[in-house]
Amino acid sequence: MTATPAASPKGRRRDGPTRPRRGGVRRRRSAGPLFVAPFMALFLLLFVAPLGYAAYLSLFQERLVGGTAFVGLDNYVRALEDPQLIHGVGRVALFFVIQVPVMLLLALAFALALDSGLLRLSRVIRLGIFVPYAVPSVVAALMWGYLYGPDFGPFAQLSRELGLPAPDFLSDGWMLGSLANIVTWEFVGYNMIILYAALRTIPTELYEAAAVDGAGAWRIARSIKLPALRSALMLTLLFSVIGSFQLFNEPNLLMKVAPDVISSSYTANLYAYTLAFTGQQVNYAATVSFLLGLVIVIVSYAVLLTANRRRTS
């Protein structure tokens, strides 16, 4: 004789599934905003509030007579006609076109080589490629400024020993390439780590199936690895857009070594800094910063739109 489960006074079995209490559901729903609250507080305090204050400053102008006056969009009209700002934005755009493809191609090549498993001491090589990113950009610019020196740099000394003319890496024709070399040296390892991490997420079953079908290493890289890296490559490209148009530390430090080549408006970010802290034109500097941010948004959106169109086509 088997025992039957006890029933509740209303005739329901006690061992059946129970519904969650409404109080527990409400507590879980209210936990989400609590987790997001610290981020939102820091986001509003450190990003939205300074951005709003800068937008407020850009609408005013400090005059010798009359003090600070509301001028509306006059600062923006002035900035759009400012040849120093236009040349600075054009210079960093050229820097982006030259430097970013070289940097991303090197990062992609290193990531594919490390993921292939054919390199010995791959951990040491990976660390060696990443170490320059751990060096502060100020230290990197000072170090490369010494290496580029036409009088005391090792390249100049070696050229003199060989009886060759010393290369002037800090001249007007070489300066943009010298800056690109510094930034590439700094950020190849960073982008390589992003791409390498994306490669490690590819299921090994795809490689095994491709090997069974007779695909070699080059075919696997072209047909499996590169398509899987599209999202990671887009992420590194967007980071590169933001970093290129915000170029500041490297030209600011090399300006001390080559003041005749790098002016205070060599890049748009350097121009805004000079206006604010040297020229004491805080309102106009806020305007230049806003326009620079707008340029970054437009270029980033154009890159995303182009990539999405290629993917859908």
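As a reminder, the structure under discussion sits directly above these lines.
Residues numbered from 1 in each chain as written. Predicted model: local features only at pLDDT ≥ 70, side-chain atom pairs only at ≥ 80, totals over all residues. Heavy atoms only, no water.

### Let's talk about the packing of aromatic side chains
- Enumeration according to the criterion identifies 18 aromatic pairs in this entry.
- Centroid distance phenylalanine 43 to phenylalanine 47: 5.2 Å. Interplanar angle 25 degrees. Geometry classified as stacked. Within this pair, phenylalanine 43 and its partner phenylalanine 47 are both found in helix α1 (residues 22-57), separated by four residues, close to a single helical turn.
- Residue classification places phenylalanine 43 among the partly exposed positions, given a relative accessible area of 33%.
- On the accessibility criterion, phenylalanine 47 (46% relative accessible area) is partly exposed.
- Where tyrosine 146 meets phenylalanine 152, the ring centres are 5.9 Å apart and the plane angle is 15 degrees; that geometry is what we call stacked.
- Its relative accessible area of 45% is what places tyrosine 146 among the partly exposed residues.
- Through successive ring pairs, a cluster of aromatic residues spans Trp144, Tyr148, Phe155, Phe169, Trp174 and Trp185. (Phe/Tyr/Trp six-rings, centres within 6.5 Å; stacked < 30°, edge-to-face > 60°. Helix = DSSP H or I, 4+ residues; strand = E, 2+ residues; numbered from the N terminus. Buried < 20%, exposed > 50% of the residue type's maximum accessible area, 1.4 Å probe, protein only.)

### Regarding helix α9 (residues 217-228)
- Look at α9: 15 Å from first C-alpha to last across 12 residues, which is about the 16 Å you get at 1.5 Å a residue.
- Residues of α9 that are buried in the fold lie against α3 (83-116), α7 (175-200) and α8 (204-212). (Expected span 1.5 Å × (residues − 1). Contact = heavy atoms within 4.5 Å.)

### Let's talk about the nonpolar core
- Core analysis: the biggest nonpolar cluster contains 44 residues, and Leu85, Met192, Leu195, Leu229 and Val288 have the highest contact counts within it.
- Broken down by secondary-structure element, the contributors of at least two residues to this core are α2 (74-80), α3, α7, α8, α9, α10 (230-245), α12 (268-277) and α13 (282-312).
- Broken down by element, this core gets its largest block of residues, 10 residues, from α3.
- Discounting chain neighbours no more than four positions away, the residues touching leucine 85 are Ala79, Ala268, Tyr271, Val288 and Leu291.
- Among the nonpolar cores identified, the runner-up in size contains 21 residues, and Phe95, Trp144, Phe169 and Phe248 belong to it. (Core = buried A, V, L, I, M, F, W, Y, C linked by side-chain atoms within 4.5 Å.)

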